[in-house]
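A structural walkthrough
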Amino acid sequence: MSSEVAHYVVTAYPPGGVLCATKCNFLEPSTETLVIAKSQRLEFRSISNHDAESSSHVVLSLPINGRITNLLPIKLPQIDNCLLFFMTQTFQYAVIGSAPGKTPYPVQTLASGHVRPSLLGKPAEGSPRVAFHPHVMAMHLYDGFLTLVPIHASTYRFVWDYAAKKGGEGGKPSSSQQQLMGEPYHLRLEESCLLDLKFVENYYDGNSEKDSQQIALLHQDARGLQHVVVYTLRNRQLALCWKKQRLDGASCQLLSLPPPTADFASTTSAMKDGTKKQVTGSLVVLGQRQITHLIPGKPTQVVVLPQCLILSSCRLGDGRFLLGDEFGQLHVLTITDQDMSLDTLGSSVLTSALVYLKPNLIFCGSQLGDSQLLQLFVNNSGKSNSVKEDSNSALSLLQEYINLGPILDLDWVETTPQQHSVVTASGSSISGSLRLVRNGIGMKEFASVELPGIQQMFNLRANYQDWHDAYLVQSYVTETRILGVVSANANRNEEVDTIMEGAEEEEEEGATLEEIILPGLDSTSSSLYVGNIEQGNLLLQITSRQVLLVDLVGERGRLSTWNSEIDIAVAAANEAGQIVLALRGGILLYLQISQERQDIQQVGKTHLSSEVSCLNVNPFSRKSVPETSMETEGRSSSKLSSIVAIGLWDDFTVRILKLDADLKQILQIYLSTEEEEDIESEGVEASSIATPSTRRNRNNMMARSLCLVTLDSNITSSSSQHDSPTSPSAGGVDMLFIGLGDGTLISFSVITQQDGMVSIQSKKEVSLGTQRIQLVPLETELGGTCVMATGDRPTVIYLAGGGGGSRHGFTPKLCYSNVNVSSTSQAPEEGSEHQPQQLGECSIAVNVATPFVSPQLFEDSSPGHSGGSSSSSSKHYSLCVSDDATLRLGVIDDIQKLHVTTCRLGMAPRRVVHYERLFCVGCIESGIAPSPIDESNMGNCVRFLEDATLDDVERIDMEPHEMILSMANVDLVTISVDTASSDTTLMGTKSFLVVGTAYALPDEDEPSCGRILIFSSGTDPHQDALRQEVELVTELQVRGGVYSLCQFYNGLLLATVNSKTRVCQLTCEGSSYRLEFLGVGHHGHILSLMVKSRATKQSSQLKLRSNENRIDDPTPSKKTLIPSKEEEQLAIVGDLMRSISLVQYYPDHKALEEVARDFHSNWTTAVEMLTDNLYLGAENWNNLYILRRNTKATNEEIRCRLDTVGQFHLGESVNKFMPGSLTSGQTSSTPSVGASAAVTRRTSPSKTVKKEKMSTPSSLRARRPVVNIGSQTLFATVDGTLGSILGLDARTAAFFTTMERAMVKHINPVGNLNHAEFRTFTAERRIHPAQGFVDGDLVESFLDLDRTTMQLIVQAMNRDGGWEIEQHDPNQQQDDDEGCSEDKAIISAQQQVLTTEDVIAMVEEMTMFH
């Protein structure tokens, strides 16, 4: 792509860090819901009283235009449901309530507001403090002020509920109706530094509760002492009630307790006597060394605790609180009228939020590690029961929810030549870990055997009601063979040939697959279909000449046979006994099994115009998943299908026929449109329509496999949080999948009318490879259904949500994940020269596949470190796949787009690099320790782990006070210089691990010394040939901290040392190496935190002139170094305060000079070079910006300035940019050069242009707008988000910018928070509207909208017209003026109109790039 004019910012993996959480009856009055705030999303999870594991199910996910800081439930007496109050980082707040049926989000905004700074002064440090009372909301937003917002619950009319259920807009009150929340007002406080605030519970002084409340403030004075002050709030005035001074020195939280029951009784009697008695609750102050219970008028209670900081708390019940400290310990605080006690329950993750879920379930939300769902074993007194085997813990881990944050660093990992993964340094302190994030679905291989020539495979159950399969049927060209599951402990009366054994030898209770014979089954013929039949537990087999009905359970053998005089070409059947046969000559027969006589009867017959290529007669079935196990209830009854799908040879259509005696055609689907045929016939250049890799032969448009299936969204893992579950897809979506001969997959959603007619919509076309596709539906006991497409890139297709208020308007959101095989044994055989597959995964081609469920063969294969719950075989898809020579049995991972593998480190990682089959991690041993540690050595070390097994190989400790600041994997050229002759001798290029450190001495504000360490890796010849050995090659002492390292041109190293940027070169002196600075570096920054260049390892090769003619001489030859002058050797430097500078290295002068810089003051956190002239930066106000170099400017002053061409508020702090993408990118069948699917432009019928006129100037005819992608960059944030930034050309940017404007106009955001205001670049006193960026998360939410809203947005885009621009090519020559005016008139006569399908295709194409 010639130039990038805008950049598309989208989330690839959602944030997992929990900011706050609560539980309430938000969705339904009788059902509690766990509500979690994660960065800019509200996540709603179900709470089940029967099954603890089902509590992890995400029922709703809402995007919020702002970073959430506070979340509180609001319970008002007028309504049954709870409301939710949330506040963002910019002090915007809103109250929302549930509104089922409302689109696009099933919530209604009841109140919203924004507390702007005005004259209030400095914002309070830390997150805002908010307290709720039924009549007022108290907030501490600015130092020295208390902000209060009245709640008019008694006068507000909740008329929105009924209208919302109807999908209306009844939530907006009329002009005469009073708002739920009034205008905020501010009261000045003497306490400027407020730590926490709470309303005192159950306060009564004889007056109305509405007019007076008590509020407690925990504050810190100028001397660092903490105090508690209680004020009475009445008539918008504060009056001092009582106070407690000089609390524990590290007090930071307040808890509010209601008054004892005895006090209520005395109050009631006093009120009857007409007297006034003041009754108030008590306060609990959580300190670092003690917990204080403050009771007005009574002695203070104190309980001492080990020195620790309490991070989070929640109420368990009467007088009991659950506390989480900084060491990951959970405690129960029990408060009675007489005393307090503190009991330790056990360990958990470092918590940022605690929520008690009944019965005895605890949600532990964390920002520093994986959130957890724990089972609590405590009695009424708070003491731990003896239920647990481990007497030291009363906690049991039920589930973990993946959180990649905080991500401090990340690096590429090449798993296969076609696929890459990302390794991240995640977490902090004891929650530190390595996370390997990969795209696609892994299949754990349990067994494999060489069985060439398998044409088809089928799975059979011993009984129809069974959930587990017993037989694997393989169809060959001339025979059918059967493998049966045989228990290892079963008594055998005869010897049999063992084909495969279980995966693990130590599990003797497992089973084996052995070849068996089923009586009545024809094993001498090739089988077209084999399957179970519900009626009488029968077996159905279809061969090329007959249809057999076999008794599978009894000993009756073959019950019925239906013979055909004409060869059967294709056959399909279902478990209800419906059979469709395609005979030679285009004859189609419909057979059915009689339930009474248990024989086969012909029902219908018809003739088709062509031979049949494929059939499918699967029935659609929408099922609800019961809470109890489906295994105990057995398999539900099979359903009859009302239609059959047929594909024909030499015909680019798929026919839908009604299953009756007439076999009447009710729908014909054209796979090749007239527009595509016209494009080919008119000879439009292929470069403007499709890439050479896409199909050009229209014969490949014939269907080779069909699948009618009902997809549901229950298959996604609980840890998958990116897709928003919505109600329209809860019951399933009827889909038709069509696999073509060239690897293209076409899908439609199928709508069945009440009269039996069928219609289709939402066409999607994706290229999954080059081989023909076989479609196999997969299902688990829990009801999750997906489809596997075989081929050279086997892919699982699943439903991840969609939009639509009704099934007729539903647009399914499909996800495509590649399947990679992971073998259980990674070590090669003895004497083998082959290296193990990196990370244990490989991509294979699959010809045929079938599901095969057998717990005896497939034990629980989900790794415990992959997040989510402890799964069983009932929750995973086990299957058998076969290629040209090998049959494999295995289990695939949870169905989700990205998979995460975790390696617990037990220490805080700072940097991570993938180097020579090793993960190199710079760690801190103890960031937080329960006991004092030696400050001279914080445990800084470099750990080396094997990338395949994640086992520790070696650990290298740093010196006292030494910290690891940077790491890089670079290719360095080793050069030896002869001082006598000044000749340069090339010693070779080798990959090294470079580590930059600094000595953090206690008496220094800035490090004055550090080291650059060079490590190399290799195998130890005296030990295992696969074991890596790491050695230190050399080191360089520097005057400062080495904050950043990167690969540079010509095999050099670029390093930043404090405020300097230096070029380093590796030289050789005899047998030793020496690293030295080369030439003059660049000075002048405040603190050079990061450096980046576009130099790759391929560019590290030096250009050398040999002094000898022979090039095969093994000895080092004398060669003269020729510096590369073909391109500028550029790099960018990110400064602490002075944004980005561009430096250039001049090899002739060995000088590094600054050539341009950004003059804005950006506190840089990450930088990246997108192109030689475009630079991406992130700063500490959670903004992104793009800088452009003025290379063509004639003025030297302009050339020295980097212009800001893009500004965008991301809302999360970025720690690292890295070029690349996680996806290999399935593409549409009609992509453009370099990228993607074309959007079809359609001509308005009222202004149709004659075809013969349009065909004349073919070079000027209207072209389809296409997705054109330039640079691809990954980013990682503190909240655990992995995102992608894609460069867009002018046309693509115009399209998505117009779409973004239309969506903002027609979609009412949650909480009425303005999208444009949210994305505005805000940094200190600089405020600029977003420019040069497209909000990809907003754009891709288009797929979740209902059809009506989609059409409104598309209509707005057509009215706008900004999506259609002409991109000028400066290199294109001007044509002759003759005839140009006529051609332009023809073009202008066209009315370009977008359709909904066009926009969906464009958006879906973008989703495939991340």
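All chains use their own residue numbering, which begins from 1 and follows the written sequence. The predicted nature of this model means local features are confined to residues of pLDDT at least 70 and side-chain atom pairs, given and counted, to a pLDDT of 80 or more, with totals for whole chains, interfaces and linings taken over all residues. Think of the side-chain values as coming from all heavy atoms in the structure, minus any hydrogens and water.

Here we come to the side chain of Thr-653. Note that Thr-653 resides in strand S49 (residues 653-658). Within the local environment of Thr-653, its side chain forms a polar contact with the side chain of Asp-651, the two groups lying 2.3 Å apart. Leaving out residues up to four positions away in the same chain, Thr-653 has contacts with Ile-646, Gly-647, Leu-648, Gln-668, Ile-669, Tyr-670 and Leu-671. Under the DSSP-based scheme used, a helix requires at least four consecutive residues in state H or I and a strand at least two consecutive residues in state E, with every element numbered from the N terminus. Distance and chemistry together define a polar contact, namely a pair of N or O atoms within 3.5 Å, with one atom able to donate a hydrogen and the other to accept it when in protein, and with adjacent residues in sequence counting only for side-chain atoms on both sides. Every residue pair with non-hydrogen atoms within 4.5 Å of one another is taken to be in contact.

Another point: the sheet that holds strand S90 (residues 1282-1288). A strand pair is defined by DSSP finding two or more bridges across the two strands. Strand order in the open sheet made by the five strands is S87-S89-S90-S1-S93, with mixed pairing throughout. Strands with a single pairing partner mark the edges of an open sheet, and in this sheet they are strand S87 (1214-1219) and strand S93 (1333-1335). Neighbour-to-neighbour, the strand axes of the sheet open up by a mean angle of 30°, direction not taken into account. Sheet topology places strand S89 (residues 1269-1277) next to S90; six bridges connect them, and they run antiparallel. Across the sheet, the residue bridging to Leu-1274 is Ser-1284, located in S90. Only the stretch in contact is used when fitting a helix axis, every axis being a line fitted to C-alpha atoms; angles between N-to-C directions are given from 0 to 180 degrees.

In this section: the environment of Thr-69. By secondary structure assignment, the location of Thr-69 is in strand S6 (residues 68-74). Note on classification: 1.4 Å probe, protein chains only; a residue is buried when its accessible area is under 20% of the maximum for its type, exposed when over 50%, partly exposed between these limits. The exposure class assigned to Thr-69 is buried, which follows from its relative accessible area of 18%. For the pair Thr-69 and Ser-39, spaced 30 residues apart in sequence, the C-alpha to C-alpha distance is 8.3 Å. Among residues more than four places away in sequence, those in contact with Thr-69 are Cys-20, Met-87, Thr-88, Gln-89, Ser-127 and Pro-128.

For the bond from Thr-103 to Pro-104, the omega torsion is 0°, close enough to zero to count as cis. On the secondary structure map, Pro-104 appears in the loop between strand S8 (92-98) and strand S9 (107-114). Residue Gly-405 is joined to Pro-406 through a cis peptide bond whose omega torsion reads -10°. With respect to the secondary-structure elements, Pro-406 resides in the loop between strand S29 (395-401) and strand S30 (407-416). One non-glycine residue, Arg-246, lies in the positive phi region at around 55°. Position of Arg-246 relative to the elements: it lies in the loop between strand S17 (237-244) and strand S18 (253-257). Residue Arg-246 is classed as exposed on the basis of its relative accessible area, which comes to 55%.

Take helix H8 (residues 1290-1306) next. Compared with the 24 Å implied by 1.5 Å per residue over 17 residues, the 24 Å span of H8 between its first and last C-alpha is a close match. Taken residue by residue, H8 has Thr-1292, Ala-1293, Ala-1294, Phe-1295, Phe-1296, Thr-1298, Met-1299, Glu-1300, Ala-1302 and Met-1303 as its buried positions. Multiplying one less than the number of residues by 1.5 Å gives the expected span of a helix.

Here we take up the pairing of strand S76 (residues 1072-1077). Looking at chain direction, strand S75 (residues 1060-1069) and S76 are connected through six bridges and run antiparallel. Note on S76: the bridge partner recorded for Glu-1069 is Ser-1072. Between the antiparallel neighbours S75 and S76 lie two residues, among them Gly-1070 with a positive phi of about 70°.

Here four strands make up an open sheet; going across it, the order is S39-S40-S41-S42 and the pairing antiparallel. Two strands in the sheet have a free side with no partner beyond their single neighbour: strand S39 (527-533) and strand S42 (558-563). Taking the axes of each pair of neighbouring strands and ignoring which way they run, one obtains an average angle of 15° across the sheet. Pairing geometry for strand S41 (residues 546-551) and S42, over five bridges, is antiparallel. Within S42, the position partnered with Leu-548 by the bridge is Thr-561.

All right, on to the nonpolar core then. Counting residues in each nonpolar core, the largest one holds 55 residues, and the members touching the most others are Leu-42, Phe-86, Phe-1296, Met-1299 and Phe-1342. Counting residues per element, this core draws most heavily on H8, at six residues. Among the buried residues, those of types Ala, Val, Leu, Ile, Met, Phe, Trp, Tyr and Cys that are joined through side-chain atoms within 4.5 Å form a nonpolar core. Grouped together as the second largest cluster of nonpolar side chains are 24 residues, Ile-79, Val-95, Tyr-142 and Leu-180 included.

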